[in-house]
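Analysis of the macromolecular model
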Amino acid sequence: MEMRQNITNQELWKMKPRRSLEEDDYLNKNSGETSMLKRPVLLHLDQTTHFNEFDRPQKLQHKQELFPEWRLPMKIAAVVASLTFFYTLLREVIHPFVTSREQYFYKIPILVINKVLPMVSITLLALVYLPGVIAAIVQLHNGTKYKKFPHWLDRWMSTRKQFGLLSFFFAVLHALYSLSYPMRRSYRYRLLNWAYQQVQQNKKDAWIEHDVWRMEIYVSLGIVALAILALLAVTSIPSVSDSLTWREFHYIQSKLGIVSLLLGTIHALIFAWNKWVDIKQFVWYTPPTFMIAVFLPIVVLVCKAVLFLPCLRKKVLKIRHGWEDVTRINKIEMSSQL
């Protein structure tokens, strides 16, 4: 055990694979052209040496944390999912059972869960771009980029990748659950009931023009939004992001990310269609889930649009390039002294 812990840098160099050595030598030779692609030659002890569960050093067991960057996003996702689940359960299952003794508990595995998934997905996606808005406001207030952000904002910004990946995960689940609708036995029974009611009412055609357009548009927008989210998830993989320049990576993650948030918001709004003014949607005086789901994304999009105004955008870009508003800084220092 003591010999394992006292491994020198020279031994670590020998333990590296031949491919890694050749890559490091290549990058050192071309340091003038590929300085951004350089990687440290020596890796950490816990990355290069592999121990079994019996002779792993005690120091490494305490040093290595389990998903430290995923804790905050997963906690927020769990809280949003739990609150949305109980809220939807109250509206979709408990309310009809209490008021008219109708049992809709069969909706829980698919229908209720599929209302939770898009809510969590679009909320997490909005939380990816909300800290950028807050950071821009803080920089405008401070008049400089050299003042540190608050600890909570700095931690939030460092976990945006995890928020985005979780958003993509819930969006994929939402798509899969939606595709499973026709396979449910309850849907087949409901379809037979609709056909029987149409025969009883002597209707030859059940076509509803606006409902058809609503379905076609919001499904199409959902597919495009999911495709852009997939592109964002792929470019966040280290091997892919390393092959992109900073400008390309920033363009995909910022510009296309906002486009996916916009498409997802429009997807939810068109899904609602004319339900915004339908009193029956307000069960026990509670708004439907889609109204709550689009609130935070709309706030983020409006703030982004305001910050994109030329008067604010130019100032933010100047601050991020190193310019300082001296008068603003002096006012803040004077107010802090008082």
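Data block above holds the structure.
It should be emphasised that the depicted structure is a prediction, and the values quoted were computed from it without experimental measurement.

Some points on helix α7 (residues 108-142)
Here α7 is 35 residues long and its end C-alpha atoms lie 49 Å apart, about the 51 Å a rise of 1.5 Å per residue gives. The sharpest bend along α7 reaches about 30° and sits at Val128, with the proline Pro131 one to four residues further on. Count one or two residues on from α7 and you reach Gly143, which has phi positive near 75°.

Regarding the packing of α7 against helix α13 (residues 246-272)
Axis separation between α7 and α13 bottoms out at 10 Å; the angle between their running directions is 145°. Here α7 runs over α13; the crossing is left-handed. Taking contact as the criterion, the partners of Ile122, Leu125, Ala126 and Tyr129 in α7 are, on α13, Gln253, Ser254, Gly257, Ile258, Ser260, Leu261, Gly264 and Thr265. Taken together, the residues that form the contact of α7 with α13 break down as six nonpolar, six polar and no charged.

Quick look at the side chain of Arg91
Within the element layout of this structure, Arg91 appears in helix α6 (residues 71-100). Of the buried charged residues, Arg91 lacks a salt bridge, with Glu92 as the closest side chain of opposite charge at 4.8 Å. Look past the residues within four positions of Arg91 in its chain and what remains in contact with it is Pro96, Gln281, Phe282, Val283, Thr286, Pro287 and Pro288.

What about the packing of aromatic side chains?
Scanning all chains against the criterion turns up nine aromatic pairs. Here Tyr218 and Phe271 contribute two aromatic rings whose centre-to-centre distance is 5.4 Å and whose plane-to-plane angle is 75°, an arrangement assigned as edge-to-face. With a gap of 53 residues between them, Tyr218 in helix α11 (residues 209-235) and Phe271 in helix α13 connect regions that are remote in the sequence. Relative accessible area serves as the criterion here: at 30%, Phe271 is assigned to the partly exposed category. Arranged with centres 6.5 Å apart and planes meeting at 80°, the rings of Phe271 and Phe290 form a pair that is edge-to-face. On the criterion of sequence distance, the pair formed by Phe271 in helix α13 and Phe290 in helix α14 (residues 289-293) is long-range, its members being 19 residues apart. Ring-pair connections join several aromatic residues into one group, and the members of that group are Tyr218, Phe271, Trp276 and Phe290. Above the ring of Phe97, the side-chain terminus of Arg101 is found at 5.3 Å from the ring centroid. Sitting above the plane of the Tyr181 ring, Arg184 keeps its charged end 5.0 Å from the centroid.

Conventions we followed
Residues numbered from 1 in each chain as written. Predicted model: local features only at pLDDT ≥ 70, side-chain atom pairs only at ≥ 80, totals over all residues. Heavy atoms only, no water. Helix = DSSP H or I, 4+ residues; strand = E, 2+ residues; numbered from the N terminus. Expected span 1.5 Å × (residues − 1). Bend = angle between axes of the 7 residues up to and from the residue. Axes fitted to C-alpha atoms, helices over the stretch in contact; angles between N-to-C directions. Left-handed = near helix turned anticlockwise from the far one by under 90°. Contact = heavy atoms within 4.5 Å. Nonpolar A, V, L, I, M, F, W, Y, C, P; charged D, E, K, R; others polar. Buried < 20%, exposed > 50% of the residue type's maximum accessible area, 1.4 Å probe, protein only. Lys, Arg positive; Asp, Glu negative; His and termini not counted. Salt bridge = Lys/Arg side-chain N within 4 Å of Asp/Glu carboxyl O. Phe/Tyr/Trp six-rings, centres within 6.5 Å; stacked < 30°, edge-to-face > 60°. Lys NZ or Arg CZ within 6 Å of the ring centre and 35° of its normal.

Limitation: the analysis is restricted to geometry and does not speak to function.
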